[in-house]
Amino acid sequence: MPVIETRGLVKHYRNVQALKGVSVAVEAGEIYGLLGRNGAGKTTMVKILLGIAHRTAGEAFLLGRPVGDPAARARVGFLPEDHRFPDYHTAESALDFYASLSGMSRRDRRARIPEMIERVGLKEAARRKIRTYSKGMKQRLGLGQAMIHDPDVLFLDEPTDGVDPVGRKQIRDVLVDLKSRGKTIFLNSHLLSEVELVSDRVAILELGLLRREGDVPSMTTAKDVYELRFDGRIDPLLPEIQKRVRGLRRIDQGIEVDVDGRDALNGVIDFVRDRGIGLVGLTPKKQTLEDVFLQTIDSPPGAPTS
Ligand SMILES: Nc1ncnc2c1ncn2[C@@H]1O[C@H](COP(=O)(O)OP(=O)(O)OP(=O)(O)O)[C@@H](O)[C@H]1O
Ligand SMILES: [Mg+2]
């Protein structure tokens, strides 16, 4: 049973179709990254799953229950994209407030709050007023707030927004640790390199439609593009190789080829070997998630993407 599931989810605001039929299924223990441009519908998706916004059509389930179910909601933590804490609080008193809202006993809070503060790297500022915090510090507190009641599912809308590189690494470590403890994480982010580092699966949302979805390794492996390295001089053979491929580029110790399937790839390798040059390396070409993202949002909806 998926922990988070939507089927044909549709959301219309007055004159905006924010979601146009989105279906996702996130399994327990997964880190799922939702990517998309500003206005793509990412926050809308999260708000519906949390019961903050109402769907126009389609279905949405959280922990196997229809969205809005209070028992399921109690097992969920949420970091909103533009959260504001009352600034007369300190990190310590704010977390104490949220922990008591979620029904934690005073004893549990005493043990839990210092641990949370430590984990999000706010120890030095724990007793300072929030009004003196930087943006990144508030963001860290937001993450602490989302985790305070040890939820099974976390929705994080731009968790590293405004956070410096060291802090981003700390947050990534927190997410990996949560995952290792079986938690499920739904992450909205613009920071593609980061999503690439932590997510098991990613989806690309564009104008309310899910344009691509997949695990990070298979999405970032370019289809039919390979790097070949040889133990001999390849340059004299390039004109002949050119005839056997769609694309050819000289790289260190070899070539990068874009071929029409496996047979074409083997054709190139055989041709070179027949001339006494051995293959010493064959690697499928990697793309960054950013490359994939830009290609996906560049192509019109419904167009095949590789
Ligand atoms: N309360 C609202 N009333 C009217 N339109 C809204 C409302 N909330 C969102 N929208 C519209 O719905 C669309 C999706 O917005 P959403 O906030 O879900 O995007 P997003 O992917 O989270 O963007 P961002 O990356 O900027 O956070 C946008 O066109 C936005 O203008
Ligand atoms: Mg958003």
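Computed from a predicted structure; not experimentally measured.

Rules used in this analysis
- Position numbers for residues count from 1 along each chain, tracking the sequence in the order it is written.
- To label them, take the chains in the order written and letter them from A, then take the ligands in the order written and number them from 1.
- Local features in a predicted model are, by the rule used here, given only for residues with pLDDT of at least 70; side-chain atom pairs are given and counted only at 80 or more, and totals for whole chains, interfaces and linings are based on all residues.
- By definition, any uninterrupted DSSP run of H or I lasting at least four residues is a helix, any uninterrupted run of E lasting at least two residues is a strand, and each is numbered from the N terminus.
- Note on contacts: residues are paired as contacts if their backbone-placed C-beta atoms lie within 7 Å.
- Two strands pair if DSSP finds at least two bridges between them.
- By definition, a residue lies near a molecule or strand provided its backbone-derived C-beta atom is within 6 Å of it.
- Ten residue types, Ala, Val, Leu, Ile, Met, Phe, Trp, Tyr, Cys and Pro, are classed as nonpolar, four, Asp, Glu, Lys and Arg, as charged, and the remainder, Gly among them, as polar.
- To estimate how far a helix should extend, the number of its residues minus one is multiplied by 1.5 Å.
- Burial is judged by counting other C-beta atoms within 10 Å of a residue's own C-beta: 20 or more means buried, 12 or fewer means exposed, and anything between counts as partly exposed, with every C-beta placed from the backbone.
- What counts as a domain boundary in this text is fixed by an automatic or database domain assignment.
- As a rule, the C-alpha atoms of each element are fitted with a line to give its axis, helices using only the stretch in contact, and angles between N-to-C directions run from 0 to 180 degrees.
- Put simply, angles under 35 degrees are roughly parallel, angles over 145 are roughly antiparallel, angles from 65 to 115 are roughly perpendicular, and the rest are oblique.
- Here a crossing is called left-handed whenever its near helix is offset anticlockwise from the far helix by less than a right angle, and right-handed whenever the offset is clockwise.
- Structurally, a nonpolar core is described as a collection of buried Ala, Val, Leu, Ile, Met, Phe, Trp, Tyr and Cys residues joined by way of C-beta atoms within 7 Å.

Caption draft 1: Seen up close, the overall build of the protein chain. Summing up its helical and strand segments, the protein chain has 11 helices and 14 strands in all. Overall, the C-alpha framework of the protein chain stretches about 75 × 45 × 35 Å when taken along its three principal axes. Considering only contacts in the protein chain between residues 6 or more positions apart, those separated by 24 or more positions represent 68%.

Caption draft 2: Structural view of unusual backbone geometry. The phi dihedral of Asp150 is positive, around 50 degrees, even though this residue is not glycine. Mapped onto the elements, Asp150 comes out in the loop between helix 5 (135-147) and strand 7 (153-157). With a phi close to 60 degrees, Gln253 is a non-glycine residue in the positive phi region. Structurally, Gln253 can be placed in the loop between strand 12 (247-251) and strand 13 (254-258).

Caption draft 3: The sheet that holds strand 2 (residues 17-26), seen in detail. The strand order 2-1-4-5 describes an open sheet built from four strands, whose pairing is antiparallel. On the outer flanks of this sheet lie strand 2 and strand 5 (65-66), each paired with one strand and no other. One ladder, built from five bridges, connects strand 1 (residues 4-12) with strand 4 (residues 57-62); its direction is antiparallel. Within strand 4, the residue paired with Arg7 across the bridge is Glu59.

Caption draft 4: Fine view of the site of ligand 1. Near ligand 1 there are 13 residues, and of these Tyr13, Asn38, Lys42, Thr43 and Thr44 occur at the shortest range. The greatest single-element share of the shell around ligand 1, amounting to three residues, is contributed by helix 1 (residues 42-49). Here the residues of the shell around ligand 1 are counted per class, giving four nonpolar, six polar and three charged.

Caption draft 5: View of helix 5. Taking 1.5 Å per residue, 13 residues should reach 18 Å; helix 5 reaches 19 Å between its end C-alpha atoms and fits that length. A large share of helix 5 lies buried, amounting to 11 of its 13 residues. Within the span of helix 5, buried status applies to Met137, Lys138, Gln139, Arg140, Leu141, Gly142, Leu143, Gly144, Gln145, Ala146 and Met147. Elements in contact with the buried residues of helix 5: strand 6 (76-79), helix 3 (91-101), helix 4 (106-119), strand 7 and helix 6 (165-180).

Caption draft 6: Here's a closer look at the domain arrangement of the protein chain. Each domain of the protein chain was delimited in the assignment, giving domain 1 (4-218) and domain 2 (223-286). Just the C-alpha atoms count here: the centres of domain 1 and domain 2 sit 45 Å apart.

Caption draft 7: Main features of the packing of helix 3 against helix 4. At a minimum axis separation of 10 Å, helix 3 and helix 4 run at an interaxial angle of 130 degrees. Classified by the angle their axes make, helix 3 and helix 4 are oblique. Read as a crossing pair, helix 3 and helix 4 show a hand that is right-handed. Residues Ala91, Glu92, Leu95, Asp96, Ala99 and Ser100 of helix 3 form the contact with helix 4, whose participating residues are Arg109, Arg112, Ile113, Met116 and Ile117.

Caption draft 8: Examining the nonpolar core more closely. By size, the foremost hydrophobic cluster in this structure holds 63 residues, and its most contacted members are Leu49, Ile185 and Phe186. In contact with Ile185, not counting residues within four places along its chain, are Ile31, Tyr32, Leu154, Leu156, Leu175, Leu178 and Lys179. Of all hydrophobic cores here, the second largest spans nine residues; its members include Leu228, Val245, Ile255 and Val272.

Caption draft 9: Focus on the environment of Gln170. Turning to its location among the elements, Gln170 is positioned in helix 6. You can call Gln170 partly exposed: it has 18 C-beta atoms within 10 Å. Residues Gln170 and Leu197, spaced 27 residues apart in sequence, show a C-alpha to C-alpha distance of 13 Å.

Caption draft 10: Structural detail: the sheet that holds strand 7. Ordered by their spatial adjacency, six strands build an open sheet running 6-7-8-3-9-10, and the pairing between neighbours is mixed. The strands lining the two open edges of the sheet, one partner per strand, are strand 6 and strand 10 (209-215). Direction aside, neighbouring strands of the sheet carry axes that sit 15 degrees apart on average. Pairing geometry for strand 7 and strand 8 (residues 184-188), over five bridges, is parallel. Directly across from Phe155, in strand 8, lies its bridge partner Phe186. Of the strands in this sheet, strand 3 (31-35), strand 7 and strand 8 touch helix 6, which is tilted by about 150 degrees from strand 8.

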